[in-house]
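An overview of the molecular structure
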Amino acid sequence: MPDFGRLDAFLDETDTDGYLIDADSTDSDQYYLAGFDAPDPFITLYDGETHLLFPRSLEFGRAKRESRAETVERYVDFDHAELVEEHGPEEAVSHVLGRFLDAYNVDSVAVPPRFPLRTADGLRARGVDVTADTDGTVTEIRATKTDEEIDHIRVAQRANEAAMAAAEALLREAEVADDGTLRDDGEALTSERVREEIEVTLLRHGCSLDETIVACGADAADPHDRGSGPLSAGEPIIIDIFPQDKTTKYHADMTRTFCVGEPGETVREWYDLTERAKAAAFDALEPGATGEAVHAAVCDVYEDAGLPTLRSDDRAETGFIHSTGHGVGLDVHELPRLSPSGGELEPGHVVTIEPGLYDPEIGGVRIEDIAVVTEDGYENFTDYDQNLTV
């Protein structure tokens, strides 16, 4: 059960009666606050307790059984049909929401930075004060994980490691053709084939993902290029997997860089540097440190080796051209940030450490682990070897 004490404090500080979200549960703030998974938009009101409002009866029974809300209601409970006859279907909704808030003596609400304009305008027309929570208080609260959430991420990471092992096995068992491309049972071993193996393995472990990265050679020089086509020996292959557990909705994240056969001298040097940069980041990771300081530790390693970073050149297109890491939870990218703007780290923050180097002439190298900040340091969830050559 999340601790909403910080949300209570926010409502007190802003003299606001409640916090309101209008979204489906793919919105992580909605899922977190409501404690309920639904594919269609619904209303969550938090006023010290959690109240849910559904347009239809479709999710009503399940929400009463499964959500942690104190109350679960439907439009019909606020005379929706009569309001439609009187005001029409569009305006009736705002009248229903007005009556819903009246039932809990709520005259003012804070809403997330991204909130439906029609809902906000309709509530204002009913006399409700609607204020955007530009800081995203629920998102900030989600950054600090409970023990239960941390366990969910651990489970997702074990599935992640099984998928990485399946991908690495394909590379290890591949044959090298005369033209340097990799072969699997006589067929070209492609990024698509490796992704398929990753996805099938994750499904068997109760996880899913929309995308994963299997990028070789020049493709690997773009940190978010998914990769395509045949894989080749002697070139770096970045595999970045970020699955979501289908039951808990929590993510994991891990990257490894592999080379079938001997890598070039520069790739080997980059890999060794990136291992050092990752170790430096972990040395800096502790409660009270800032995400900025962790990021700076990585930049120091690369810059001392004469390589560009965005800190040394904000227009750099090669070298270390992204931040050191990010929070992971219900979203694969969430707070906190390990970047120049990264704030103070707290116990319960789950973050990635993922330094890397990139150049289209060489390819790319990235190594990524996932860890939780603890009271006296950190715990690395990742239990997977770092071996460049397979």
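Residues numbered from 1 in each chain as written. Predicted model: local features only at pLDDT ≥ 70, side-chain atom pairs only at ≥ 80, totals over all residues. Heavy atoms only, no water.

**Focus: the sheet that holds strand E2 (residues 42-46)**
Read across the open sheet, the six strands follow the order E4-E3-E2-E1-E5-E6; overall the sheet is mixed. The sheet terminates laterally at strand E4 (71-74) and strand E6 (129-132), the two strands that pair on one side only. Geometrically, the sheet is characterised by an average inter-axis angle of 25° between neighbouring strands, direction not taken into account. Judged from the five bridges that link them, strand E1 (residues 18-23) and E2 form a sheet pairing that is antiparallel. (Pairing = 2+ DSSP bridges. Helix = DSSP H or I, 4+ residues; strand = E, 2+ residues; numbered from the N terminus. Axes fitted to C-alpha atoms, helices over the stretch in contact; angles between N-to-C directions.)

**Considering the packing of aromatic side chains**
Within this structure, the stated rule accounts for ten aromatic pairs. For the pair Phe-4 and Tyr-32, a centre-to-centre distance of 6.0 Å together with 85° between the ring planes defines the contact as edge-to-face. Placement of Phe-4 in the segment before helix H1 (5-13) and of Tyr-32 in helix H2 (residues 28-34) is noted, with a sequence separation of 28 residues between them. The two residues Phe-4 and Tyr-32 agree in class, both being buried. Consider the rings of Phe-78 and Phe-100, whose centres lie 6.0 Å apart with planes at 85°: the pair is edge-to-face. A residue pair is termed long-range when its members are at least 10 positions apart, and Phe-78 in the loop between E4 and helix H4 (80-87) and Phe-100 in helix H5 (residues 89-103) qualify at 22 residues. Aromatic ring contacts, followed pair by pair, group Phe-4, Tyr-32 and Tyr-46 into a single cluster. Above the face of the Phe-60 ring, Arg-74 is positioned so that its terminal group lies 4.0 Å from the ring centre. (Phe/Tyr/Trp six-rings, centres within 6.5 Å; stacked < 30°, edge-to-face > 60°. Buried < 20%, exposed > 50% of the residue type's maximum accessible area, 1.4 Å probe, protein only. Lys NZ or Arg CZ within 6 Å of the ring centre and 35° of its normal.)

**Some words on the pattern of salt bridges**
Applying the stated rule across the entire model yields 28 salt bridges. A salt bridge links Asp-29 to Arg-142; the shortest N-O distance between them is 2.7 Å. Taken together, the positions of Asp-29 in helix H2 and Arg-142 in helix H7 (residues 137-142) put the pair 113 residues apart, joining distant regions of the chain. When sorted by exposure, Asp-29 lands in the same class as Arg-142, which is buried. In this structure, Arg-311 engages Glu-303 in a salt bridge whose closest nitrogen and oxygen atoms are separated by 2.8 Å. Taking the relative accessible area as the measure of exposure, Glu-303 reaches 25% and is therefore partly exposed. (Salt bridge = Lys/Arg side-chain N within 4 Å of Asp/Glu carboxyl O.)

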